[in-house]
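# Descriptive structure summary
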Amino acid sequence: MTAHVELRPADAAVFEQHRAVLLGVAYRMLGSWWDAEDVLQDAWLRWHGADRAAIADPRGWLVTVTTRLALDQLRSARHRRETYPGTWLPEPIPVGTQVGDPAETAQQRDTLSLAAMRLLERLTPPERGVYLLRETFELPYAEIADTLGLTETNARQLHRRAVERIGDDRQRFSVNDAGHRALVERFLSAAATGDRAGLQAMLAEEVTLWSDGGGKARAAVNPVVGASRVARFLAGVSAKAGDVEWWLVEVNGGPAALLRLGTRWSLMSWETDHGRLAGIQLLANPDKLRAVGLFADDRTPPAAARTAWARL
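What counts and how
Residues numbered from 1 in each chain as written. Predicted model: local features only at pLDDT ≥ 70, side-chain atom pairs only at ≥ 80, totals over all residues. Heavy atoms only, no water. Axes fitted to C-alpha atoms, helices over the stretch in contact; angles between N-to-C directions. Helix = DSSP H or I, 4+ residues; strand = E, 2+ residues; numbered from the N terminus. Parallel < 35°, antiparallel > 145°, perpendicular 65-115°, else oblique. Left-handed = near helix turned anticlockwise from the far one by under 90°. Contact = heavy atoms within 4.5 Å. Phe/Tyr/Trp six-rings, centres within 6.5 Å; stacked < 30°, edge-to-face > 60°. Buried < 20%, exposed > 50% of the residue type's maximum accessible area, 1.4 Å probe, protein only. Expected span 1.5 Å × (residues − 1). Arc of directions from axis to C-beta. Polar contact = N/O pair within 3.5 Å; in protein donor to acceptor, adjacent residues only side chain to side chain. Pairing = 2+ DSSP bridges. Salt bridge = Lys/Arg side-chain N within 4 Å of Asp/Glu carboxyl O.

This next bit is on the packing of helix H3 (residues 33-49) against helix H4 (residues 58-82). It is at 9 Å that the axes of H3 and H4 come closest, and there the two elements cross at 135°. Judged by the inter-axis angle, H3 sits oblique to H4. Relative to H4, H3 is oriented so that their crossing is right-handed. Contacts between H3 and H4 involve Asp35, Asp38, Val39, Asp42, Ala43, Arg46 and Trp47 from the first element and Pro58, Trp61, Leu62, Val65, Thr66, Leu69, Ala70, Gln73 and Arg80 from the second.

What follows concerns the packing of aromatic side chains. Evaluation of the coordinates by the stated rule reveals four aromatic pairs. Each ring, one from Tyr27 and one from Trp33, has its centre 6.4 Å from the other, and the planes form 65°; the classification is edge-to-face. The pair Tyr27 / Trp33 is uniform in exposure class, with both members buried. With 5.6 Å between their ring centres and 55° between their planes, Trp47 and Trp61 make a pair best called tilted.

Looking now at the environment of Val207. Inspection of the secondary structure assignment puts Val207 in strand S1 (residues 203-212). Residues Val207 and Ala278, 71 residues apart in the sequence, show an inter-C-alpha distance of 4.4 Å. Setting aside its immediate chain neighbours within four residues, Val207 contacts Val224, Val225, Gly226, Ala227, Val230, Leu277, Ala278 and Gly279.

Next up on the list: H3. A rise of 1.5 Å per residue sets the reference length of H3, with its 17 residues, at 24 Å; its end C-alpha atoms lie 25 Å apart and thus fit the reference within 8%. Where H3 is concerned, the buried positions are Trp33, Asp35, Ala36, Val39, Leu40, Ala43 and Trp47. On an axial view of H3, the arc spanned by its buried residues comes to 150°, and they lie on one face. For H3, the N-terminal cap is Ser32; the gap from its side-chain oxygen to the backbone nitrogen of Asp35 is 3.2 Å.

Attention now goes to the pairing of strand S3 (residues 244-251). Direction of pairing for S3 relative to strand S4 (residues 254-261): antiparallel, over a ladder of eight bridges. Considered in S4, the bridge of Val244 is made with Leu261. A loop of two residues connects S3 with S4, the two strands running antiparallel in sequence, and Asn252 in this loop sits at a positive phi of about 55°.

The next thing to look at is the environment of Arg59. Counting through the fold element by element, Arg59 comes out in helix H4. The class for Arg59 is partly exposed, based on a relative accessible area of 32%.

Reading across the sheet, the six strands line up as S2-S1-S6-S5-S4-S3 and stay open at both edges, with mixed pairing between neighbours. Whereas interior strands pair on both sides, the edge strands pair on one side only; in this sheet they are strand S2 (224-225) and S3. By the bridge criterion, seven bridges tie strand S5 (residues 264-273) to strand S6 (residues 276-283) in an arrangement that is antiparallel. Paired with Trp270 across the bridge in S6 is Ile280. Seen against the sheet, helix H12 (residues 227-241) touches S1, S2, S3, S4, S5 and S6 and runs at an angle of roughly 45° to S1.

Attention now goes to the pairing of S4. For S4, a buried count of eight out of eight residues is recorded, marking the element as mostly surrounded by other parts of the structure. One ladder, built from five bridges, connects S4 with S5; its direction is antiparallel. Paired with Ala257 across the strands is Met268, a residue of S5. The hairpin formed by S4 and S5 contains two residues between the paired strands, and Gly262 there has a positive phi angle of roughly 70°.

It is worth spelling out the pattern of salt bridges at this point. Counted according to the given criterion, the structure contains 15 salt bridges. A salt bridge links Arg118 to Glu271, with the nearest nitrogen and oxygen atoms 2.5 Å apart. In this pair, Arg118 sits in helix H6 (residues 114-120) while Glu271 sits in strand S5, placing the two residues 153 residues apart along the sequence. Residues Arg118 and Glu271 agree in their burial class; the two are buried. Measuring nitrogen to oxygen at the nearest pair gives 2.8 Å for the salt bridge that ties Arg260 to Asp243. Placement of Arg260 in strand S4 and of Asp243 in the loop between H12 and S3 is noted, with a sequence separation of 17 residues between them. Judged by relative accessible area, which is 3%, Arg260 ranks as buried.

Note that every value here comes from positions in space, so none of it alone points to a role or purpose.
In structure tokens:
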């Protein structure tokens, strides 16, 4: 039987010091804010019960434990996502939430975008774990292998496979410049008024729209592909809603929009390619919108969700 180890204030402070990084690990692994917080609670319990005097590298130990816990949870979540009604999109991170290391590079922060989180769903749990530890934390393969209980050769193979699965789509992330803002504002205005021709002119020919209603809100069961079909879909959504309003917001460290479609809410984010919208994510599941403080019957977005574009 393991003896109880007294948790000193200094040990609790160590955990709090690394909390944002651990949340970043768990969230990237799971794509679910609520599941990530559950994993962090389990990691805290492991830390509480560990022989902390024998841990030479607390940050490394905590990242390893959190990654393994998240990997276990992701394996159990895969079946739920396979039976999910329609397309599964990641839960957005609440505005103002501190996730990750402030010293992260732009490339590392890209792995928190909603586009990147969606792409990670292509990967198996082991591939996702290796990919994130390599791309986000830039860990050497030997350390990744030790963290995930793999051989170094296997870690290299899984990373190569993950990169191949994600492919060139990794480069299609939102661009935070004035040109992008102007494009998005024109797009939202056209969407709000149901201007199908105007919408289609701003879409890449092979644009894809993913919508997630979770069986609780109207959404396309399968991705909608092609400029004409996506424009028709969005114009139809606007026509059915009647009254459409939108606000530019910051979600997952990048630009997005809150849409009020009649009495229902959606969150929209984009991927761009050569000045046109190449990917659109439309999140309407009210359970996931609660993560940014939205509920299906609200008439006005909460102040916490509204963020000036100038901050982006």
